[in-house]
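Chain by chain, the residues run as shown.
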Amino acid sequence: MKLKLGIKISLTVLILMIAIVIGYAIYLYLHVKSAADNIYEPREPIKQVSMVDNRGGRFPIDMENQEPFNALILGVDERANDRGRSDTMIVLSVNPAQKSVLMFNIPRDTRTSIVGHGTEDKINHAYAFGGVNMSVQTVEQFLGVPIDYYLKVDMEGFAKVIDLVGGVDVHNPFAFEYEGHRFEKGNLHLDGESALGFSRMRYDDPKGDLGRNDRQREIIKQVLKNTVQISTVFQLESLLGEVSEHVKTDVSFDEMKQMLSNYRNVLDHVESIEIKGTGKKIDGVYYYMVEQSEKNRIHQLIKEHSG
């Protein structure tokens, strides 16, 4: 009788423990999903026959089979009562089969047709004119490739993300000072605030805006590598919760989970390239001019990288 009673008590305790674990797992899942939903902002549907879906105008990416995709990172400088402009535009071509990423900046002064606005202007003005949707469509036309996902982050959010992933390690080719920070030549470990300064300086760089782009790509490369090391629900919830006011993306919660599980090894090789062009003033305004042959070269590199 005592044995049966002991077994019943043990089973009850075991069932209770299982129920608590399952309940807590559900609680964590819902909290992470809520945090992910807060940053989820799909693009407006694009009215193009055979290319329309409910994710923003492109065919869904098959992440279970590790299909390659292209993404646009927009670093925006938003102001009070003003949408601001995209201070940074970085394109990522991600190919899991090759375990590699092709990454490059589109210089913000690049002169191009602004899709939906009917003007030739600096490419970073597309965000000021029409937000994410116009930026994405303008980049798609400029490169001749689809953009499957976007990630928009403001400068405060950029610094927070870096702090949350433990900072970044970078190599600085020359010493300089910017916004109260001193950056020595050589290998540096930067927190969010200092990384922001490191990525924004351009006037003291011999390469100007292109040198700034180099530093931005190095920081993004390190952030991506650190982010895919997230291995627990607590870490993911903390990251998403902290940046929800500063980051928007059309990557859904389910897609985030698949990216973290199926694309972890994709960053074994990150190749940075540069869009070549020349500076030119038109009506007193400086532009970065990119020839069609250079656009074709970048288009072909993305196409070959995507397989």
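Residues numbered from 1 in each chain as written. Predicted model: local features only at pLDDT ≥ 70, side-chain atom pairs only at ≥ 80, totals over all residues. Heavy atoms only, no water.

## Points about the pairing of strand S13 (residues 278-282)
Item 1. Across five bridges, the pairing between S13 and strand S14 (residues 285-289) is antiparallel. Residue pairing for S14: Gly279 is matched across the bridge by Tyr288.
Item 2. Between S13 and S14, which follow one another and run antiparallel, lie two residues, and Asp283 among them has a positive phi close to 55°. (Pairing = 2+ DSSP bridges. Helix = DSSP H or I, 4+ residues; strand = E, 2+ residues; numbered from the N terminus.)

## Concerning the environment of Lys122
Item 1. Looking at the element boundaries, Lys122 is found in strand S5 (residues 119-122).
Item 2. Overall, Lys122 belongs to the buried group, its relative accessible area being 15%.
Item 3. Spatially, the C-alpha atom of Lys122 lies 6.8 Å from that of Tyr287, the residues being 165 residues apart in sequence.
Item 4. Those residues in contact with Lys122 that sit more than four places away from it in its chain are Arg108, Asp109, Thr110, Ile114, Val285, Tyr286 and Tyr287.
Item 5. At 3.2 Å, the side chain of Lys122 forms a polar contact with the backbone oxygen of Tyr286. (Buried < 20%, exposed > 50% of the residue type's maximum accessible area, 1.4 Å probe, protein only. Contact = heavy atoms within 4.5 Å. Polar contact = N/O pair within 3.5 Å; in protein donor to acceptor, adjacent residues only side chain to side chain.)

## Considering the pattern of salt bridges
Item 1. Scanning the entire structure with this criterion turns up 16 salt bridges.
Item 2. One salt bridge connects Lys122 with Asp109, and the closest N-O pair in it is separated by 3.4 Å. Here Lys122, found in strand S5, pairs with Asp109, found in the loop between strand S3 (100-105) and strand S4 (111-114); they are 13 residues apart in sequence, far enough to count as distant. Here Lys122 matches Asp109 in class, with each residue buried.
Item 3. Residue Lys207 is joined to Glu274 by a salt bridge in which the shortest nitrogen-to-oxygen separation is 3.3 Å. (Salt bridge = Lys/Arg side-chain N within 4 Å of Asp/Glu carboxyl O.)

## Observations concerning helix H8 (residues 292-305)
Item 1. If you check H8, its first and last C-alpha atoms are 20 Å apart, about what 14 residues at 1.5 Å a residue would give, namely 20 Å.
Item 2. Here H8 has its buried residues at Glu294, Lys295, Ile298, Ile302 and His305. Taken end-on, H8 shows its buried residues confined to a sector of 105°, consistent with a single buried face. The outward face of H8, more than 90 degrees from its buried face, is lined by the exposed residues Ser293 and Lys303.
Item 3. Two residues or fewer past H8, Gly307 is found with a positive phi of approximately 75°. (Expected span 1.5 Å × (residues − 1). Arc of directions from axis to C-beta.)

## Here's the deal with the packing of helix H3 (residues 155-164) against helix H4 (residues 192-200)
Item 1. It is at 8 Å that the axes of H3 and H4 come closest, and there the two elements cross at 125°. As judged from the angle between their axes, H3 and H4 are oblique. In this structure, H3 meets H4 at a crossing whose hand is right-handed. Of H4, the residues touching H3 (which contributes Met155, Phe158, Ala159, Ile162 and Asp163) are Gly192, Glu193, Ala195, Leu196, Ser199 and Arg200. (Axes fitted to C-alpha atoms, helices over the stretch in contact; angles between N-to-C directions. Parallel < 35°, antiparallel > 145°, perpendicular 65-115°, else oblique. Left-handed = near helix turned anticlockwise from the far one by under 90°.)

## A look at the confidence of the model for the protein chain
Item 1. The predicted model of the protein chain has a mean per-residue pLDDT of 82, with 79% of residues at 70 or higher.
Item 2. Note that pLDDT drops below 50 for residues 47-57; the model gives that stretch 21 contacts with residues more than four away or on any other chain. (pLDDT = per-residue confidence, 0-100.)

## Looking at the packing of H4 against helix H5 (residues 209-227)
Item 1. Relative to each other, H4 and H5 sit at 145°, their axes nearing to 7 Å. Touching Ala195, Phe198, Ser199 and Arg200 of H4 are Arg212, Arg215, Gln216 and Ile219, all from H5.
Item 2. Its residues placed into classes, the contact of H4 with H5 shows three nonpolar, two polar and three charged. (Nonpolar A, V, L, I, M, F, W, Y, C, P; charged D, E, K, R; others polar.)

## Things to note about the pairing of strand S6 (residues 149-154)
Where a strand is regular, its side chains alternate between the two sheet faces.
Item 1. Counting buried positions over the six residues of S6 gives five, a clear majority of the element.
Item 2. Across three bridges, the pairing between S6 and strand S11 (residues 247-249) is antiparallel. Bridge pairing in S11 places Leu151 opposite Thr249.

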